[in-house]
Amino acid sequence: MNITFTLNGVSRSVDTAPGESLQKFLQRLGFSSVRNSDDRYGFTGSDTILFDHRPVNAGLMVTGQISGHTIDTIESLAGAGNSLSAVQSALIDAGVVQSGYNAPAAALLLTDLLNRIPDPSREEIQDAFSGLYNRATGYQQFFTAVEIAKSRIIDPQHSRKVSEEFRPDLRIIGKNHRKIDGQRLVQGERAFVEDMVTQGSLVLKLLHSPHAHAYIREIDTTRAEQLPGVVLVLTYKNVPDVYYTPAGQGFPEPSPYDRRMFARKLYHIGDRVAGVVAVDEQTALKALSCIDVTYDELTPIFTIDEAEAPDAPIIHKAHISYAVGAPDTLDADNAEADPRDGRIEIQFPIGADPHRNKAASVSGSIGDIEQGFAQANTVIERTYTTTQVQCTPCETHVVFTRMEGGRLIIHASTQVPWHVRRITARVLGISENKIRVIKERVGGGYGSKQEILLEEVCAYATWITGKPVYFHFTREEEYTCSVSRFPMKIRVKLGAKKDGTFTAMYMDLKANTGPFGNHCLTVPMNGCSKSLPLFLCDNIAFDVNVFYSNCMPTGAYQGYGAPKANYALQMAVAELAEQLQMDPLALVEKNRVDEGVTLEILRCLGEGREGSPEVITSCGLAEAVRQGAQMIEWGKTETSKNPLLRIGKGMAIVQQGSGLPGLDHSNAEVKLESDGSVIVHSGGADIGTGFDTLCAKTAAEVLMMDTDLVAVVTGDTDSTPFDSGAFASSGTYFSGGAVFNAAVALRQKIITAAAQLLGEAEDEITITYPQTAAGKTGSVTFAQIAHQSQSGEGSGHLIGTASFTCEKAAFPYGAHFAQVSVNTESGEIRVEKYYALQDCGTPLNPELAEGQIYGGVLKAIGHTLFEELILDEQGKCLTTDLETYGIPMINDIPDDFRVKLIETCDPHGPFGSKSVSEISMNGAAPAIANAVHDATGIWIRDWPITPEKVLKALGTY
Amino acid sequence: MIQEFIRPEGVQEAMELIAEDRQAAFFAGGTCINHARCPQEVSRAISLEALGLDHITCTDTTVSIGATVTLQQLIDSPLIPRSLQQAAAGLYSRNVRNMATIGGNIAAGWKHALLTPVLAALEAQLLTGNGESIPILAYEGSSKLLITSVVLKTDQRYCSSSIYRRSSGSAPKVQVAVSCRTDMTDPLVIISGLHATVRSLKEFGPVFTAARSSSEPVPLILDALGTLDPIDEDIHCSRDFLRYTSARLIAEGIRSCAGGAR
Ligand SMILES: Cc1cc2nc3c(=O)[nH]c(=O)nc-3n(C[C@H](O)[C@H](O)[C@H](O)COP(=O)(O)OP(=O)(O)OC[C@H]3O[C@@H](n4cnc5c(N)ncnc54)[C@H](O)[C@@H]3O)c2cc1C
Ligand code: FES
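The structure presented is a predicted model; accordingly, all values stated were derived computationally and were not measured. (Residues numbered from 1 in each chain as written. Chains lettered and ligands numbered in written order. Predicted model: local features only at pLDDT ≥ 70, side-chain atom pairs only at ≥ 80, totals over all residues. Heavy atoms only, no water.)

(A) Focus on the overall build of chain B. Tallying secondary structure elements over chain B gives 9 helices and 12 strands in all. With the C-alpha coordinates aligned to their principal axes, the bounding extent of chain B is approximately 60 × 45 × 30 Å. Expressed as a percentage of its 262 residues, the buried residues of chain B come to 56%. Within chain B, contacts between residues at least 6 apart in sequence are counted, and of these 59% link residues at least 24 apart. Per element, the accessible surface of chain B, about 10,700 Å² overall, is 49% carbon and sulfur. The average position of the 23 basic charges and that of the 26 acidic charges among the side chains of chain B differ by 7 Å. (Helix = DSSP H or I, 4+ residues; strand = E, 2+ residues; numbered from the N terminus. Buried < 20%, exposed > 50% of the residue type's maximum accessible area, 1.4 Å probe, protein only. Contact = heavy atoms within 4.5 Å. Areas by Shrake-Rupley, 256 points an atom, 1.4 Å probe, with all protein chains shown as cover. Lys, Arg positive; Asp, Glu negative; His and termini not counted. Charge placed at Lys NZ, Arg CZ, Asp CG, Glu CD.)

(B) Region of the structure containing the overall build of chain A. What chain A contains, in helices and strands, is 26 helices and 37 strands. Taken against the 2.2 N^0.38 rule, which gives 30 Å for 957 residues, the C-alpha radius of gyration of chain A at 28 Å falls within 12% of a compact globule. On the principal axes, the C-alpha backbone points of chain A span a range of 75 × 75 × 65 Å. Every one of the 957 residues in chain A was classed for burial, and the buried ones make up 66%. Of the accessible surface of chain A, which amounts to about 30,300 Å², a share of 49% is contributed by carbon and sulfur atoms. Taking the 82 positively charged and 116 negatively charged side chains of chain A as two groups, their mean positions are separated by 0 Å. (Rg over C-alpha atoms; globule rule 2.2 N^0.38 Å.)

(C) Geometry of the pairing of strand β36 (residues 829-839) of chain A. Residues and elements named next belong to chain A. The buried count for β36 comes to 10 of 11 residues, which makes it a mostly enclosed element. Alignment of strand β35 (residues 813-823) against β36, held across 10 bridges, turns out to be antiparallel. Residue pairing for β36: Ser 821 is matched across the bridge by Arg 830. If you look at the hairpin formed by β35 and β36, you'll find 5 residues sitting between the two strands, and Gly 827 has a positive phi there, around 80 degrees. As paired elements, β36 and strand β37 (residues 896-902) share 7 bridges and run parallel to each other. Looking across to β37, one finds that Leu 837 is bridged to Lys 900. (Pairing = 2+ DSSP bridges.)

(D) Geometry of the pattern of salt bridges. Residues and elements named next belong to chain A. The tally for this structure, following the rule as stated, stands at 67 salt bridges over all chains. Glu 456 is the salt-bridge partner of Arg 272, the closest N and O atoms lying 3.0 Å from each other. Of this pair, Arg 272 sits in strand β12 (residues 272-278) while Glu 456 sits in helix α14 (residues 455-465), and the two are 184 residues apart along the sequence. Taking the shortest distance from any N to any O, the salt bridge between Lys 949 and Asp 942 comes out at 3.5 Å. Residue Lys 949 is classed as partly exposed on the basis of its relative accessible area of 24%. (Salt bridge = Lys/Arg side-chain N within 4 Å of Asp/Glu carboxyl O.)

(E) Layout of the state of the cysteines. All names here are of chain A. Inspection of every chain in the model, using the stated rule, returns 0 disulfides over all chains. Unpaired in this structure, Cys 604 has its nearest cysteine sulfur neighbour in Cys 528, at a distance of 9.4 Å. Overall, the relative accessible area of 18% leaves Cys 604 in the buried class. Lacking any disulfide linkage, Cys 619 is separated from the closest cysteine sulfur, that of Cys 840, by 13 Å. The exposure class of Cys 619 is buried, given its relative accessible area of 8%. (Disulfide = S-S within 2.5 Å.)

(F) Region of the structure containing the site of ligand 1. Around ligand 1, 34 residues are found, and the nearest of them are Phe 26, Gly 29, Thr 31, Gln 40 and Thr 101 of chain B. What surrounds ligand 1 is not a single chain but chains A and B. Contacts to ligand 1 include Ile 147 of chain B, whose backbone N or O atom sits 2.9 Å from a nitrogen atom. Burial of ligand 1 by the protein amounts to 96% of the accessible area it has alone, namely 970 Å². Mapped onto the shell around ligand 1, the elements with two or more residues apiece are β2 (24-27) and α5 (102-108) of chain B. Here the shell around ligand 1 takes 5 residues from α5 of chain B, the largest share from any one element. Grouping the constituent residues of the shell around ligand 1 by class yields 23 nonpolar, 11 polar and no charged. (Near = heavy atom within 4 Å. Polar contact = N/O pair within 3.5 Å; in protein donor to acceptor, adjacent residues only side chain to side chain. Nonpolar A, V, L, I, M, F, W, Y, C, P; charged D, E, K, R; others polar.)

(G) Just the interface of chain B and chain A, in detail. Tallying the contact residues gives 42 residues for chain B and 52 residues for chain A. Both sides together, the interface formed by chain B and chain A hides about 3,800 Å², and carbon and sulfur atoms give 51% of it. Taken as a group, Tyr 92, Arg 94 and Asn 95 of chain B account for 16% of the area that chain B buries against chain A, more than any other trio of residues on that side. Linking chain B to chain A there are 3 salt bridges. With a closest N to O distance of 2.4 Å, Arg 97 of chain B and Asp 127 of chain A form a salt bridge. Counting the contacts that link chain B with chain A gives 24 residue pairs in polar contact (both at pLDDT 80 or more). Broken down by secondary-structure element, the contributors of at least two residues to the side of chain B that touches chain A are β1 (4-6), α4 (94-97) and α9 (239-258) of chain B. (Buried area = accessible area lost by both parts, 1.4 Å probe.)

(H) Highlighting helix α13 (residues 417-428) of chain A. Residues and elements named next belong to chain A. Here α13 spans 16 Å end to end across 12 residues, near enough to the 16 Å set by a 1.5 Å rise per residue. Burial within α13 is extensive, with 11 of its 12 residues counted as buried. Among all positions in α13, only Pro 417, Trp 418, His 419, Val 420, Arg 421, Arg 422, Ile 423, Thr 424, Ala 425, Val 427 and Leu 428 are buried. On its buried face, α13 sits against β9 (243-244), β19 (407-412), β20 (435-439) and α14. Gly 429 lies just past α13 and shows a positive phi near 70 degrees. (Expected span 1.5 Å × (residues − 1).)

(I) Broad picture of helix α5 (residues 140-154) of chain A. For α5 of chain A, the set of buried residues is Gln 140, Gln 141, Phe 142, Phe 143, Ala 145, Val 146, Ile 148, Ala 149, Lys 150 and Arg 152 of chain A. As for α5 of chain A, its buried residues are in contact with α2 (86-93), α3 (103-116), α4 (122-128), α23 (846-865) and β37 of chain A.

(J) Summary view of the nonpolar core. With 182 residues, the main nonpolar core has Leu 91, Leu 110, Phe 129, Met 507, Tyr 834 and Ile 928 of chain A as its most contacted residues. Listed in part, the 66 residues of the second largest apolar core include Ile 3 and Val 14 of chain A together with Ala 100 and Leu 145 of chain B. (Core = buried A, V, L, I, M, F, W, Y, C linked by side-chain atoms within 4.5 Å.)

(K) Representation of the sheet that holds strand β9 (residues 157-164) of chain B. The 4 strands lie next to each other as β9-β10-β11-β12 (chain B), forming an open sheet whose pairing is antiparallel. On the outer flanks of this sheet lie β9 and β12 (199-200) of chain B, each paired with one strand and no other.

Spelled out as structure tokens, the structure:
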């Protein structure tokens, strides 16, 4: 069928099948920014276009509809010389554009809004963005973007500071600064993995297990292999017999190697049965239906209680081995192994006992816990549970692999390029120099892209076929094959004297790791290590036990273990305050940590290595609590005119780390080019959070230049040096620390070269703006120095190279305050106010830091109130689309939502900085639960806090 | 998969085209036909675009809404009763509201039907391709009978529409419309979400009257809901909660009607 339509102002006549998806059609025409992230559910708005000047979802349309109509994509907004429109620049300046997968859609929606209503109200803004999913930054900054855009439409020069600025002694650091990749993202340039796929690439699709726990009795792939267009079928019979962990963690990993690319045993519904590589998606899907499989079903288990029952079915009856530290019972254990269960290779003792479903366990204590409770006047003991929730990035997991000159190139959407390379090399049995991983822009990861979930299969397919292969999870696969937060059951026991002084704290944390043990030690331990050290107490103990089950796989998610354990601990503190008849904030204030104190408990909370006590070198808690209490008018009783509404306030203090001291490691180099500009090479991975911008700002600050003279290359295993990856809040502290050190190293080389040129002593030389080395007798520009160094007589290319390792922890802190209204008739909770006060040391990118915090808080509001993976009795996930799952959208944000950055200066981080993003997940659940109690007197100890639970607790029906 | 996309220019032609082919379907906004969850096998799309059904017109006492008027047009038009606009706004995404049509919404017959309860409460009549006028609840989606417009009498009833959903973007769990004559007689209560099809509460008059004057109307209404078939199971909430929530929304609707809501 030939259709004629107008595309971005130009009449087009194109041949197409009338039933082709308009989204796919537009991508085929080269408009890559019309993206799919929900497979025709009409939910995310990634596929927004203007159709006859109104925003619609191209994924819900077919090409037959467009004949005679007008379509505008993001390209229609391009100004002269590829300049940004007022709306596009406003979105970047407001800090909205972070992972950026939906940034073009946001720009189209805002353009439409301001065309219709030049000065829109809050409701009109919310309505305009009602169909747009934005996981990274939590929507609040859209309101700022509207303010900027509407002024900039009238006055193109309009600019404003959207965030408070810090460090007046520095030129760039701590100041508002346009994100350096913002333009390409908001213009819809080719930037993501899917944009790199070449025509004619093969497609990989998986056959998923229909059973939660089963063996493959027989599998026959003959019919599939005979289908025209099928290139390769992978099953457990023809893949390398290598075990590994999907967790991209430092090596040797604390996670057991309990996964094989394809295995004979199936551990969850959705597990990999087979993979088909074919010429296109349709053929691959057809081939999957031609694979004949019979299964021997086993009894599945899904919960912690089921897994620890004495007669529970065993999930991994595998042969177990230890690289070091095997227990004496190992041989006896292995006598029970079933060869069909394969192997588990444990790197070092993690308290595992797989044949009793135990994936990991650890205990620790300081002081004398029993004596501590004996000294208490009041003791409370409560159990809290949390459900399984998911990262749900806009861009689902995706990889594209191809060969180049005999080497394997992996275009990845990953937080851990170096671990992708290491694990893939090991699985394929090839050396690391044969693999290049290129991290493309990442459309959201939030922990889930710290896992190697599809890279190794796709890489293997390319390696053995020699062909380019594309593998992209559907939204449903994102729910059933990706990772999610560990469900937990946490018992907290607290003892205090009459005046509120804590005498003992105990946490018994049980976690459900699901089918595999990725992060099974570290996530639950992190729960203890990022909650218990918020309080000072001489007697602290914890027990952590982690169980295998057949629920959906778990893994890393922003905040790691902390959101759950902190929910339990901070609620328990508020419950203790009620018993003591104390104000909960006063009880927190009486017992919380502060700068200068030593955290003895960290002696036994090493998270994968030997722990040691740590001194808190900077802590903004006092200021965060003080300002937050003032902002929310703590202590003032609020009432509503509506007699059904009860209003309450709650708070929680939060902490995280900044990378893993002694484990993480980053490297960078900064090169001086011949005209005096510089290029930063860092192994760090920008996952949308603004790390590349941080690199540019850091180099420009240290070298006294403007950021547009700094180019940044990151996350490419060929052209950048090693970095352990973007997880555990390490980006700013570790990766940023390496860039800072490298810039300082280059500055020193410039000083040395300038001293020689000027004939002065090095200590006479200072670096001044712009790019100048000044001595007493004169000055030379960086361009002159670079030119000289690269000449025949020169010292060689000036390159500053450095690494960053650190034994010292830098803990970010914060205080979160919530005000909620609870409708006692409907059970509905409205978050009226939410204030997140966050100490991240020196805020380096303030507006991006604020965006991260808004995003983190909204994700946490999501798991507190709405989000939940629900399985049926067979273990099938019933919430495999964003709508059913309960993702918060712009209309779910708090009515009054504010972030306040509390400045401290940490002695170890670059420019005094600490981490910022993960920590913001840790406050919403306890702050809201405590506010619900303040409003109604009920304690809801299992998230999500649904209207039904509220009504039940109130005894309404 | 749509193989053919046809744009008839008259109602008669559209009716003939649909009669020819079992796998043909009327195609309005396409948000349902193209939706991932759409179970229909459609090979021939009969587009309603060129039929001129995209207008809202009114007389002193009626509003006539063309079948291809979008949900966003309903919200933007000053001619449309507030209760219907509220129901249309229940489709949370403006993008989708720009595409989805009133005719498509009625015909799609989703379990969580957004517009049907309020349209039924307003005693809407559907004009069909064969020139008949039928009450909205008599329309069967599977009939493939073309809806050309929806006609409402605007001055005869108070009406209110309300919804319960878990989060702003999640599908409605219960949608309730309550209406009565302006003299507070002849109440209608229509509910979607609890069963596969929309339900109308029978003989609700006495409960309506009692609930109106009661300070605790919810228990009274809960009793009346006992006459409904067992509620479908839901993955997020219990049947008891859904029944209670329906009663609460009905009570809210009665309050609004008593306050003169349209
Ligand atoms: C994100 C999302 C959320 C949704 N939520 C809801 C919801 O909560 N409640 C709900 O009810 N729906 C919901 N829908 C479903 C659906 O999109 C709407 O019901 C929409 O109004 C259908 O209108 P349409 O014009 O797009 O219909 P189409 O997709 O064009 O058609 C739908 C059906 O109606 C038939 N049809 C269309 N017009 C006519 C006509 N004039 N006469 C006879 N038959 C006709 C078609 O043949 C087809 O069978 C949702 C859709 C999306 C994408
Ligand atoms: S692209 Fe950033 S939130 Fe989705």
